[in-house]
Amino acid sequence: MMNLSQKITELKKEKNAVILAHYYQVPEIQDVADYVGDSLGLSQKAAEIDADIIVFAGVHFMAETAKILNPSKKVLLPDLMAGCSLADSCPPEAFRKLVEAHPNHTVITYVNCSAEVKALSDIICTSSNAEKIVNSVPKDVPIIFAPDKNLGKYIQKKTGREMLLWDGACIVHEAFSIDKLLKLYEEHPDAKIIAHPESESHILKTAVYIGSTAGMIKYVKDHPTEKFIVATEAGILHKMQQEVPQTVLIPAPAEEDNTCACSECGFMKMNTMQKLYDCLHNETPQIEISEEIRKKAILPIEQMLQLSK
Ligand code: 13P
Ligand code: SF4
């Protein structure tokens, strides 16, 4: 009898499908995927796929980005309810009002937003390239940066640019407890803290390295003899530990006591192996986007891909 992983691999071949997965997916999904990456890597990969079906093991805005780039392909998401608190914190109509009230601003939006919000933007960015994208805008041009205020504040500090920030945040990265983190650090004084820029500034201040999920994995790979406290969603530890099997990796603690004593994204974890199998088997649920929105939303994504080469 084949297990779920083998069945998924068979179906993938039969249907000429590829599975793209984010580092925050459960380990079994990462292991069955054709490509595992951060938001930028996943967008770049989605832009060059020639399979008939893309199964996106991530959250809705990621699958939507893949569909925007591949209108003629079927893009499947194992659970359509897999949303994102950051994307939800930026409703398109409220965002439109802000954009219309500031017509001379360049609008940079973090990829964690809906297709409608992308359609109102000039350039998309991810945590991998936000600094570069902001620096690509001439110094005398004012910038709206949305929806993540924590990433926005961090980039403001790095670039010295004042930006009009949208007041959005990621519940997973805002869940880290600075008191518990400092206590953990006291217990492991030889450890180095690394953090994702969606975390609040008091967490970022403790970090020797701040970067995207792919950036954090690269940093750990480049420093395999160190010991790390990792402040991002705990799913990252799977690939990270595979890259540095000898390195001690400790997940940063969340405020609320929970089973993993870390911070997990409930949206990312809505995808399961069973749902992945079912969606590939039934070719549903599919991502659909109106052609009107798609045509507008692809422009700032292409702009980002161009600037990230
Ligand atoms: P990156 O993978 O781009 O670092 O983004 C993290 C994240 O929160 C995705 O939802
Ligand atoms: Fe959204 Fe945060 Fe989950 Fe990423 S980790 S999908 S930003 S809620």
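Structure: above.
Predicted model, so just to flag it, every value in this text is computed and none were measured. (Residues numbered from 1 in each chain as written. Chains lettered and ligands numbered in written order. Predicted model: local features only at pLDDT ≥ 70, side-chain atom pairs only at ≥ 80, totals over all residues. Heavy atoms only, no water.)

Engineer: Looking at this model, I keep getting lost on the packing of aromatic side chains. Mind explaining?
Structural biologist: Think of a pair of aromatic rings as described by two things: how far the centres are apart, and how the planes are tilted against each other in angle. For the structure on display, the rule yields 3 aromatic pairs. Taken together, a centroid distance of 5.5 Å and an interplanar angle of 80° make the contact between Phe95 and Trp166 edge-to-face. Remark: Trp166 occurs in the loop between β8 (163-165) and α10 (178-187) and Phe95 occurs in helix α6 (residues 92-101); sequence separation between them is 71 residues. When its relative accessible area of 0% is taken as the criterion, Phe95 is described as buried. The exposure class of Trp166 is buried, given its relative accessible area of 14%. With a centroid separation of 4.7 Å and an interplanar angle of 15°, the aromatic rings of Tyr209 and Tyr219 are classed as stacked. Within this pair, whereas Tyr209 is found in strand β10 (residues 209-210), its partner Tyr219 is found in helix α12 (residues 213-222), the two being separated by 10 residues in sequence. (Phe/Tyr/Trp six-rings, centres within 6.5 Å; stacked < 30°, edge-to-face > 60°. Helix = DSSP H or I, 4+ residues; strand = E, 2+ residues; numbered from the N terminus. Buried < 20%, exposed > 50% of the residue type's maximum accessible area, 1.4 Å probe, protein only.)

Engineer: What exactly am I supposed to notice about the nonpolar core here?
Structural biologist: General note: in soluble globular proteins, nonpolar side chains tend to be found buried as a group. Counting 65 residues, the largest nonpolar core has Ile108 and Ile229 as the members making the most contacts within it. When residues of this core are assigned to their parent elements, the largest contribution, 6 residues, is made by helix α4 (residues 60-69). Setting aside its immediate chain neighbours within four residues, Ile108 contacts Ile123, Cys125, Ile133, Val134, Val137, Ile143, Ile144, Phe145 and Ala146. Among the nonpolar cores identified, the runner-up in size contains 34 residues, and Tyr23, Val55, Met216 and Val220 belong to it. (Core = buried A, V, L, I, M, F, W, Y, C linked by side-chain atoms within 4.5 Å. Contact = heavy atoms within 4.5 Å.)

Engineer: Explanation requested: the site of ligand 2 in the structure shown.
Structural biologist: The full set of residues close to ligand 2 is Tyr24, Val59, Cys84, Ser85, Leu86, Asn112, Cys170, Val172, Glu198, Cys265 and Met268. Placement of ligand 2 is best described as lying within the largest cavity. Of the residues in the shell around ligand 2, the class split is 8 nonpolar, 2 polar and 1 charged. (Near = heavy atom within 4 Å. 1 Å grid on protein atoms, 1.4 Å probe; cavity = no way out; pocket = protein on both sides within 12 Å on 5 of 7 lines; lining within 4 Å. Sits in = over half its atoms within 2 Å of the grid points. Nonpolar A, V, L, I, M, F, W, Y, C, P; charged D, E, K, R; others polar.)

Engineer: Whenever I open this one, the side chain of Asp38 confuses me. Can you help?
Structural biologist: Along the chain, the position of Asp38 falls in the loop between β2 (35-37) and α3 (39-46). Buried charge Asp38 goes without a salt bridge, the closest partner of opposite sign being Lys45 at 12 Å. There is a polar contact of 2.8 Å between the side chain of Asp38 and the backbone nitrogen of Gly41. (Lys, Arg positive; Asp, Glu negative; His and termini not counted. Salt bridge = Lys/Arg side-chain N within 4 Å of Asp/Glu carboxyl O. Polar contact = N/O pair within 3.5 Å; in protein donor to acceptor, adjacent residues only side chain to side chain.)

Engineer: For this particular structure, what's the right way to read the layout of surface pockets?
Structural biologist: With a probe scaled to a water molecule rolled over the atoms, the places where space remains empty come into view. Of the voids in this model, the largest pocket is the one considered here, and its volume is about 180 Å³. The wall of the largest pocket is formed by 13 residues, among which Ser127, Glu131, Tyr154, Ile210 and Gly211 lie closest to the centre. When residues of the lining of the largest pocket are traced back to their parent elements, those giving at least two are α8 (130-135), α9 (149-159) and β10. A total of 3 residues in the lining of the largest pocket trace back to one element, the largest contributor, which is α9. (Points joined across faces, edges and corners; volume = space filled by probe spheres on them.)

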